[in-house]
Amino acid sequence: MSLTIHSPAVLPRLSGPPKGSESGIWIALFAITMSFAAFTSALFIREASTDWTHVAAPRVLFASTAVLLLSSLMMEASRRELDGSRAPKINEHGRSLAFVAATVLLGLTFVAGQYLAWRSLAAQGLYLATNPNSSFFYLLTGVHALHVLGGITALLYLFIQLAVQKSVRRNLLRGVVVYWHFMAALWLYLLVVICVRL
Amino acid sequence: MEEALKSQAHVHAPAEGFLWKYVFSLDHKVIGKQYYALALLSVFVGMVLSWLMRFHLVWPNAKIPGLALIAKTGAPGGIITPEYYLSLLTMHGTLMVFFVLTNAPFAGFGNYFLPIQIGAEDMAFPRFNMMSFWTTFVAFVVLIAAFFIPDGPPISGWTAYAPLSAIGKDAGPGLGWGQNLWVIAIGIFCIGQLLGSLNFIATTLDLRAKGMTLMRMPISTWAWFITSSIGLLAFAVLLPACVLLLLDRMAGTSFFIPSGLVVSDRLQNHAGGSPLLWQHLFWFFGHPEVYIAILPAVGIVSHVLTNSLRKPLLSAKVIIYSMMSIGFLSWMVWGHHMFVSGMNPFSSLLFSFPTLTITIPATIITLIWLGSLYGANIQINSASFFALGFISMFVSGGVSGFFLAQPSIDIYLHATYFVVGHFHMVMGVAAIFAIFSGTYFWFPKMTGRMMNETLGMLHFWITFVGTYCIFMPFHYLGLVGNVRRYASFVDDFMPALMPLHKFITIAALTTGAAQFIFLFNLIHSRFRGKPASANPWKGTSLEWSVPSPPPWNNFGRERPVVYHDPYQYGLKGSTGDFVMQTSPEQILNE
Amino acid sequence: MGKLFGVILTIIALASAYPIVTHMYVQPVDISTHGHAIDEQLADTMAEAGLSFVLAQLLLAFCVWKFSNRKEGAKVFHVWGGAKLMVVGAFILVGTEVLALGVFGQKAWAAVYFTSPKPDALQVQAQAGQFAFYFRYPGPDGKFGPLHPDKIDEGNQNYFGLDPANDVEARDDIVTAELAIPVNREIHLLMHAKDVGHSFYVRELRIQQDFVPGLDLSLHFTATQAGHFEILCTQLCGLGHYNMKAYLSVLSQEDFEKWMKQKASEQ
């Protein structure tokens, strides 16, 4: 333990702009995945009861799936306009703004489609508490739709940043884009669960 | 493209105005203090609830002055009814586990010191950080509101097992809107914790200063990092569980409620649900939760001890890897809360193996601490004594866990006071000792003043002896078979145990009273304490390289550069027996 | 202060061990066939855990005594073996304990849960509801009548919701508030929860099992001694949880038959 200290060699102290966080969105997605894993395990356990039945997925779900996937394409287009080595002209913002707007509109259309799916189920007398399958249908689609609305809110914020300030932080853009694509991927997973297990 | 995309994080300027400076502050230091204050309020409320419980157990007909005003139906004339006892029990557990043990060592100290210890200006997402505190505060308000509704708080325990918690008011007093408020409060709490954990993880991964490699982070930082990783995933499971419970209660679903239940002479209109599903979801969260409660404590104690021993611990790396193993294993043991629950008995054996295995990293950490004491130069002060007291309590609490980890012994000890003794020792005493240790240690940094050492030592001695007097006897009661969560003891074999219960109650009231010494010390020192220097404990980590209290952006105009790990103690040199992490001095044999 | 810490902690450690070592607080008499395995397990664990507890506290007390208030300029040093010794020590200490108790402990658990009741075990059904236990014997036909929750009528003492008018098997079922069993006869206890979760705990039988609404659970055990023992509810079930109990009467075969006749006539 008897270590000795030598006189310091003077080393320069560095400064610079503080770093942003790139890992934030991935951490958030981890948590959301865990939550849907919890819902899925609840489904597997509940499935074992004698009152488990079957609920057919309303056709509109497939249409809204297509809408959501299209919105992902729009999101990706918007990202490419802003990021990467394309010609960095200011009026490029116009194109990216349009793509963001398209993403928002398609996202809202998706949520509207989910509402139509709910109406379709209600028309068959299937409500939240009717049977365990209908419970999970409303639960999974509802919670997902809530997260999509959260993503739309972030997209609106992004839109305002682009429109008013004509610039946006790289990390914010990345975060919103990754989140939006995750919403589509999550939906595809839920669609499989709904079609195969409900 | 740099006009469109900015690389830098959003840096906030120093706040102006009372609201932005003290209420909706984005400064992690203010947020840390807000969490600590909320925890302080919660612990005093929780402690008073426990006094009422202990009082009632030994003097059931006592009229508690003033209680009738708050609890018209729960305690008419000031006499606690059995249902109110269970309400007190439920709220005591809920407040302590969520609002004290998750708030103080983790959100409180972690928010304040994690950015500083890694050399960052603030957390990665200051606005989310502010939102996480206020979300937690709203959760607190919603929970406490349950005391003031006519039917009172829920009586289902902090564990809220279904179907008791899922059926609604037919199942008993407090199980109507009281339980709803509880579920909503905990759901909101989950959101606050998720936001907080996100910040901790992102900040640790992305905002470390130059030279601050992961292994150069202090053990306390590692503990917060591991805890937040666990917390992110654990609260992400509790939130869905709360959603499902709320749906069963308010929307008529049957996730947890089977058919054919007759409650209060009414056949319940549910079918197919599984009460065990609630237990699985809850404990899948609940077991990692107790490690969320203890790991920051382990980190704080390791950090304080490194400083108080004036030598490095035998191996910080081993402690860090052990904490990681505990974090990893914590996901595999939840079934040990369910050995006699009706779960497949083969699963019980499966769960018992990782439960017993967790003893290994916990023992490694304890032996490293004990081994490090040998040959040390122990500095005596309130902070170090609470850290040393922690080791004693951690051993006591850990050893009783060893019994409960074995399913065959659990057949006899489950739901007895033995279990209550075990978790109080580890959570109610050990973790609290770590909070005290951290408070005495870091108060100078946070306020620029020293706490009173005489009062601190007095607080330590009464609390150390007092908590042993309270909780060690719980184990004896459990060995006889004294069942827990009973509002009164009417069993044939209980009269012989009442003297021990009286002893416990008196110890609890006395030890509780001594906590006011701490509270007084905290408040008085804040305004009248001796001014503190930047480094009163001669510490090496980054928090001691900045003024007490630190400026709004922690490090001033230039970010620090780190040259060493924080364990450079026990050295010989002109500046003393330690070298700070920011010092470029070269050390032989590092 | 360092020495005081050492002294006080030593006193605390020894004082904590004292009631254990002198058997001041012990389990009640074991009246079961599998209980001795549990009691042995408990005793072994107590010896190992108790010893570890005392040694660790004394070690802590000693180190604080010796290594605080040291002289000015005292050298700090690492203990021989350092971290490696601690890691190896932990693995050996805990590894052996874990293996021993984990592996051997299976026997006691298996005796309760991995064996099936003998075919000639006496079947009794227990129903737990807020806040009482009721018991049902199948009667001479050896069959339990089906349960109808909608027919439960506590006022008329139809605790189980039986329908003897329509169910033949229910006609000779015997419902009691006390669980009487013959000594040295295996009992197969069927467990039914009426409303919320409850639990069945008899300290002397070294047995505990939750009642889970919706699940058909059961226990089997044999009582080896006659006597009067308490059955306690150990799963929080509402405001009357503390008062939810029944009695287990273990009777000689002769007394049991007399009791059954008596109860049958009271139905």
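Residues numbered from 1 in each chain as written. Chains lettered and ligands numbered in written order. Predicted model: local features only at pLDDT ≥ 70, side-chain atom pairs only at ≥ 80, totals over all residues. Heavy atoms only, no water.

1. Here we look at the overall build of chain B
Secondary structure summary: chain B contains 17 helices and 3 strands in total. Seen through its C-alpha atoms, chain B measures out along the principal axes to roughly 80 × 60 × 50 Å. Counting every position in chain B, which comprises 590 residues, the buried fraction comes to 73%. Across chain B, contacts joining residues at least 24 apart in sequence account for 79% of those joining residues at least 6 apart. Total accessible area on chain B stands at roughly 17,300 Å², and carbon and sulfur atoms take up 68% of it. Where the 29 positive side-chain charges of chain B centre and where its 23 negative ones centre are 8 Å apart. (Helix = DSSP H or I, 4+ residues; strand = E, 2+ residues; numbered from the N terminus. Buried < 20%, exposed > 50% of the residue type's maximum accessible area, 1.4 Å probe, protein only. Contact = heavy atoms within 4.5 Å. Areas by Shrake-Rupley, 256 points an atom, 1.4 Å probe, with all protein chains shown as cover. Lys, Arg positive; Asp, Glu negative; His and termini not counted. Charge placed at Lys NZ, Arg CZ, Asp CG, Glu CD.)

2. A look at the overall build of chain C
Per the secondary structure count, chain C includes 4 helices and 10 strands. Helices (α) and strands (β) of chain C occur, in sequence order from the N terminus, as α-α-α-β-β-β-β-β-β-β-β-β-β-α. Relative to the 2.2 N^0.38 estimate, which gives 18 Å for 267 residues, the radius of gyration of chain C is 26 Å and therefore markedly larger than a compact globule would have. Across the 267 residues of chain C, 53% fall into the buried class. For chain C, the share of sequence-separated contacts (at least 6 apart) that also reach a separation of at least 24 residues comes to 69%. Within chain C, the 28 negative side-chain charges are centred at a point lying 14 Å from the centre of the 20 positive side-chain charges. (Rg over C-alpha atoms; globule rule 2.2 N^0.38 Å.)

3. Things to note about unusual backbone geometry
Note that the residue after S548(B), namely P549(B), is joined by a cis bond; omega there is -5 degrees. With respect to the element layout, P549(B) can be found in the segment after α17 (498–528). With an omega of -5 degrees, the peptide bond between Q130(C) and F131(C) qualifies as cis. For D265(B), which is not glycine, the phi dihedral falls at a positive 65 degrees. Mapped onto the secondary structure, D265(B) falls in the loop between β2 (262–263) and β3 (266–267).

4. Quick notes on the state of the cysteines
The tally for this structure, following the rule as stated, stands at 0 disulfides over all chains. In this structure C190(B) is a free cysteine whose sulfur lies 5.1 Å from that of C242(B), the closest cysteine sulfur available. Owing to a relative accessible area of 0%, C190(B) belongs among the buried residues under this scheme. Cysteine C237(C) is unpaired, with the sulfur of C233(C) as its nearest cysteine sulfur at 3.9 Å. (Disulfide = S-S within 2.5 Å.)

5. Some thoughts on the interface of chain C and chain B
Residue-level contacts link 92 residues of chain C with 99 residues of chain B. Buried surface at the junction of chain C and chain B, summed over both partners, amounts to about 8,300 Å²; 75% is from carbon and sulfur atoms. On the surface where chain C and chain B come into contact, there are 1 salt bridge. For D491(B), the salt bridge goes to K245(C), with nearest N and O atoms at 2.2 Å. The interface formed by chain C and chain B includes 24 residue pairs in polar contact (both at pLDDT 80 or more). (Buried area = accessible area lost by both parts, 1.4 Å probe. Salt bridge = Lys/Arg side-chain N within 4 Å of Asp/Glu carboxyl O. Polar contact = N/O pair within 3.5 Å; in protein donor to acceptor, adjacent residues only side chain to side chain.)

6. Let's talk about the packing of aromatic side chains
Summed over the entire model, instances satisfying the criterion amount to 79 aromatic pairs over all chains. Aromatic side chains F282(B) and F285(B) sit 6.0 Å apart centroid to centroid with 70 degrees between the ring planes, which places their arrangement in the edge-to-face category. With F282(B) and F285(B) both in helix α9 (residues 275–308), this residue pair falls 3 residues apart, about one helical turn. We note that F282(B), like F285(B), is buried. Look at F436(B) and F518(B): their rings are 4.7 Å apart centre to centre, the planes differ by 70 degrees, and that puts the pair in the edge-to-face class. Taken together, the positions of F436(B) in helix α15 (residues 417–447) and F518(B) in helix α17 put the pair 82 residues apart, joining distant regions of the chain. For F436(B), a relative accessible area of 8% translates into the label buried. Clustering of aromatic rings is evident, with ring pairs tying together F98(B), F99(B), F140(B), W158(B), F189(B), F235(B), F256(B), W278(B), F282(B), W283(B) and F285(B). Over the ring of F527(B) we find R526(B); its NZ or CZ atom is 5.4 Å from the centre of that ring. The aromatic ring of F493(B) is capped on one face by R203(C), whose charged end is 3.4 Å from the ring centroid. (Phe/Tyr/Trp six-rings, centres within 6.5 Å; stacked < 30°, edge-to-face > 60°. Lys NZ or Arg CZ within 6 Å of the ring centre and 35° of its normal.)

7. Here we look at the nonpolar core
Counting residues in hydrophobic clusters, the biggest one holds 361 residues, and the most contacted among them are M323(B), W369(B), F390(B) and F200(C). Top contributing element to this core by residue count: α15(B), with 20 residues. Within the second largest apolar cluster, 6 residues are counted, among which are Y134(C), F160(C), L162(C) and V175(C). (Core = buried A, V, L, I, M, F, W, Y, C linked by side-chain atoms within 4.5 Å.)

8. Structural notes on the packing of α15(B) against α17(B)
All names here are of chain B. Across the interface, α15 lies against α17 with an axial gap of 12 Å and an inter-helix angle of 15 degrees. On the basis of their axis angle, the class for α15 and α17 is roughly parallel. Seen along the crossing, α15 lies across α17 with a hand that is left-handed. Taking contact as the criterion, the partners of Y417, F436, T439, Y440, F443 and T447 in α15 are, on α17, H501, Q515, F518, N521, L522, S525 and R526. Tallied by class, the residues present in the contact of α15 with α17 amount to 6 nonpolar, 6 polar and 1 charged. (Axes fitted to C-alpha atoms, helices over the stretch in contact; angles between N-to-C directions. Parallel < 35°, antiparallel > 145°, perpendicular 65-115°, else oblique. Left-handed = near helix turned anticlockwise from the far one by under 90°. Nonpolar A, V, L, I, M, F, W, Y, C, P; charged D, E, K, R; others polar.)

9. So, a nonpolar patch on the surface
Residues and elements named next belong to chain A. Residues L105, L108, L146 and L149 make up a contiguous nonpolar surface patch of roughly 380 Å² in combined accessible area. Summarising the element assignment, L149 is placed in helix α4 (residues 132–165). Given the relative accessible area of 35%, L149 is considered partly exposed. (Patch = residues over 30% accessible without salt bridge, like charges linked within 9 Å, V, L, I, M, F, W, Y side chains within 5 Å.)

10. Quick word on the sheet that holds strand β2 (residues 132–137) of chain C
Sheet strands associate in pairs through backbone hydrogen bonding, adopting either a parallel or an antiparallel arrangement. Residue and element names in this part refer to chain C. Across the sheet, which stays open at both edges, the 5 strands sit in the order β3-β2-β1-β5-β8 with mixed pairing between neighbours. Strands with a single pairing partner mark the edges of an open sheet, and in this sheet they are β3 (174–176) and β8 (217–222). Looking at each pair of strands side by side, their axes are set apart by 25 degrees on average, direction ignored. Pairing geometry for β2 and β3, over 3 bridges, is antiparallel. Paired with F135 across the bridge in β3 is T176. Against the sheet, helix α4 (residues 253–266) engages β1 (122–129), β2 and β3, with an angle of about 100 degrees to β3. (Pairing = 2+ DSSP bridges.)

11. Looking at the environment of Q130(C)
Residue position: Q130(C) is located in the loop between β1 and β2. At a separation of 2.8 Å, a polar atom in the side chain of Q130(C) contacts the main-chain carbonyl oxygen of C237(C).

12. Describing the packing of helix α2 (residues 60–82) of chain A against helix α5 (residues 170–197) of chain A
Helix packing geometry: the angle between the two helix axes and the distance between the axes. All names here are of chain A. In contact at an axis separation of 10 Å, α2 and α5 are set at 160 degrees when each is read in the N-to-C sense. The angle between α2 and α5 places the two elements in the roughly antiparallel class. Viewed along their axes, α2 and α5 form a crossing whose handedness is left-handed. Taking contact as the criterion, the partners of L61, F62, T65, L68, L69, S71, S72, M75, E76, R79 and L82 in α2 are, on α5, L173, V176, V177, W180, H181, M183, A184, W187, L188, L191, I194 and C195. Residues of the contact of α2 with α5, tallied by class, amount to 17 nonpolar, 4 polar and 2 charged.

13. What about the side chain of N381(B)?
Residues and elements named next belong to chain B. Checked against the element boundaries, N381 lands in the loop between α12 (359–373) and α13 (382–404). Using a relative accessible area of 9% as the deciding quantity, one classes N381 as buried. Residues within four places of N381 in sequence aside, it is in contact with E453, M457 and W537.

14. Side note on the confidence of the model for chain B
Residues with a pLDDT of 70 or more make up 96% of chain B, whose mean pLDDT is 94. The low-confidence segment residues 1–10 of chain B (pLDDT under 50) makes 35 contacts with residues lying over four places distant or belonging to another chain. (pLDDT = per-residue confidence, 0-100.)

15. Things to note about α4(A)
Residues and elements named next belong to chain A. Here α4 contains 34 residues, and its C-alpha end-to-end distance of 49 Å stays within 8% of the 50 Å for a straight helix at 1.5 Å per residue. Here α4 starts with a cap whose side-chain oxygen sits 3.0 Å from the backbone nitrogen of N133, and that cap is N131. Phi turns positive, to about 60 degrees, at K166, one or two residues after α4. (Expected span 1.5 Å × (residues − 1).)

16. What about the pairing of β1(C)?
All names here are of chain C. Of all 8 residues that make up β1, 7 are buried, and the element is covered over most of its length. Sheet topology note: the β1/strand β5 (residues 186–193) ladder contains 7 bridges and is parallel. Residue pairing across strands places A126 opposite M191, the latter belonging to β5. Linking two consecutive strands that pair antiparallel, namely β1 and β2, is a turn of 2 residues.

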